[in-house]
Amino acid sequence: MTDARTAWGTGLTTIAGDGTVLDAWFPEVATGEPDAEAVAAALRAVEALAGPDERRNVTVETVHLVIDLDAAPTSTADAYLRLHALSHLVARPNEVNLDGIFAHLPTVAWTNAGPVHPDDANRLRPALQRAGIQVQGLDKFPRLTDYVQPSGVRIADASRVRLGAHLSPGTTVMHEGFVNFNAGTLGASMVEGRISQGVVVGDGSDIGGGASIMGTLSGGGQHRVSIGARTLLGANSGIGISLGDDCVVEAGLYVTAGTKIVLVDGPRTADGGRTSVKGAELSGRDGLLFRRNSLSGAVEAVQRAGVGVTLNEALHA
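Not measured: the values here are computed from a predicted model. In every chain, residue numbers begin from 1 and rise along the written sequence. Predicted model: local features are reported for residues with pLDDT of at least 70 only, side-chain atom pairs are reported and counted for 80 or more only, and whole-chain, interface and lining totals are derived from all residues. Side-chain metrics in this entry use all non-hydrogen atoms of the structure; hydrogen atoms and water are not considered.

A. Spatial organisation of the UniProt feature "binding site: succinyl-CoA" (unreviewed entry) in the protein. Mapped onto the present numbering, the UniProt feature "binding site: succinyl-CoA" (unreviewed entry) falls on Arg194, Gly209, Ser212, Ala235, Glu250, Ala251, Gly258, Lys278, Arg291, Arg292, Asn293 and Ser294. Across 101 residues of sequence, these annotated residues are also dispersed in space, with a maximum C-alpha separation of 26.2 Å. Strands are runs of DSSP state E lasting at least two residues, helices are runs of H or I lasting at least four, and both sets are numbered from the N terminus onward. Secondary-structure assignment places Glu250 in the loop between strand E22 (248–249) and strand E23 (254–255). Working rule for contacts: check all heavy atoms of both residues, and any pair within 4.5 Å makes them a contact. If near-sequence neighbours (up to four positions away) are discounted, Glu250 is found in contact with Gly234, Ser237, Phe290, Arg291 and Arg292. With respect to the secondary-structure elements, Lys278 resides in strand E25 (residues 276–278). Residues contacting Lys278, with those up to four places away along its chain left out, are Ala257, Gly258, Thr259 and Lys260. UniProt positions are given in the numbering used here, feature names are shortened, and annotations may be inferred rather than shown by experiment.

Here's what the structure looks like:
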């Protein structure tokens, strides 16, 4: 991480026949003010790759851009540089201004030969097929691995991790795992569930198979969920609150801000019953086990000792 709030990159941008900027690729992202010699060297490294590609009806051009990470994106290339900054680990999720980013990201037909305008993909379909070019997706965001190869990371299914995901070394994303843009891991983690936009997962945590973490893109929510270190989300569980370090959520249990939770270790009520609180009141606390009582069906929180989960060191090395 760096305290610098300026980022720059030199790379290539793809422009469709109608002038639509489809994407931008930045092999490296640096912070601070760019050095003239560094920029010249970066341009020389990519300029040989520029030129037209008649198969896709696009032209590839060099691009050099300097942006203020605290200001909102102003162009497609600007938006892509911000996503690259996140995936190159230059900035953490929620530390880059992405206001209005969707307006600067056109919907693109992503192919194994690069981006294509959707209208051209439809019009050129027979020629593209003869050239062995296949449409793999139709979306505003491309796959992470088409632009960035994160160091020390395993991704079993590249289609399930978007550009803009922040994956720290030691992270493993299994086939059913999903990581959105502006989200990811801050250390070695196992991801077999869904990490939504804006969510960060701490070092040594495990997002179990089918587990879901609520984001803030829909539903009007404002709370950005975070997960601490050594925390486990059991298979098919889910959360809409933050978890601290060394927590465990039982398999199949979904805990939201409004979930009524019985405090097993909490103070008793006047009539001798157990105290209950809403999930939001426990958000971010360390060392909690969330479970459902198999007899009463009540959701319970139990204070626990020790670490929540220990990852297989060999697997995440």
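From this point, things continue past the structure.
B. Main features of the packing of aromatic side chains. Aromatic contacts are taken between Phe, Tyr and Trp rings whose centres are within 6.5 Å, Trp giving its six-membered ring; a plane angle under 30 degrees counts as stacked, one over 60 as edge-to-face, and the others as tilted. Inspection of the entire model under this criterion finds five aromatic pairs. Ring plane angle 45° and centroid distance 6.0 Å describe the contact between Tyr80 and Tyr147, whose orientation is recorded as tilted. Taken together, the positions of Tyr80 in helix H2 (residues 76–87) and Tyr147 in the loop between strand E8 (135–139) and strand E9 (154–155) put the pair 67 residues apart, joining distant regions of the chain. Pair check on accessibility: Tyr80 and Tyr147 agree, each one buried. Ring geometry for Phe141 versus Phe181: centroids 4.4 Å apart, planes at 20°, classification stacked. Residue Phe141 is located in the loop between E8 and E9, and its partner Phe181 is located in the loop between strand E12 (178–179) and strand E13 (183–185); the two are separated by 40 residues in the primary sequence. For every residue, the accessible area obtained with a 1.4 Å probe (protein chains only) is divided by the maximum for its type, and the residue is called buried under 20%, exposed over 50%, and partly exposed between those limits.

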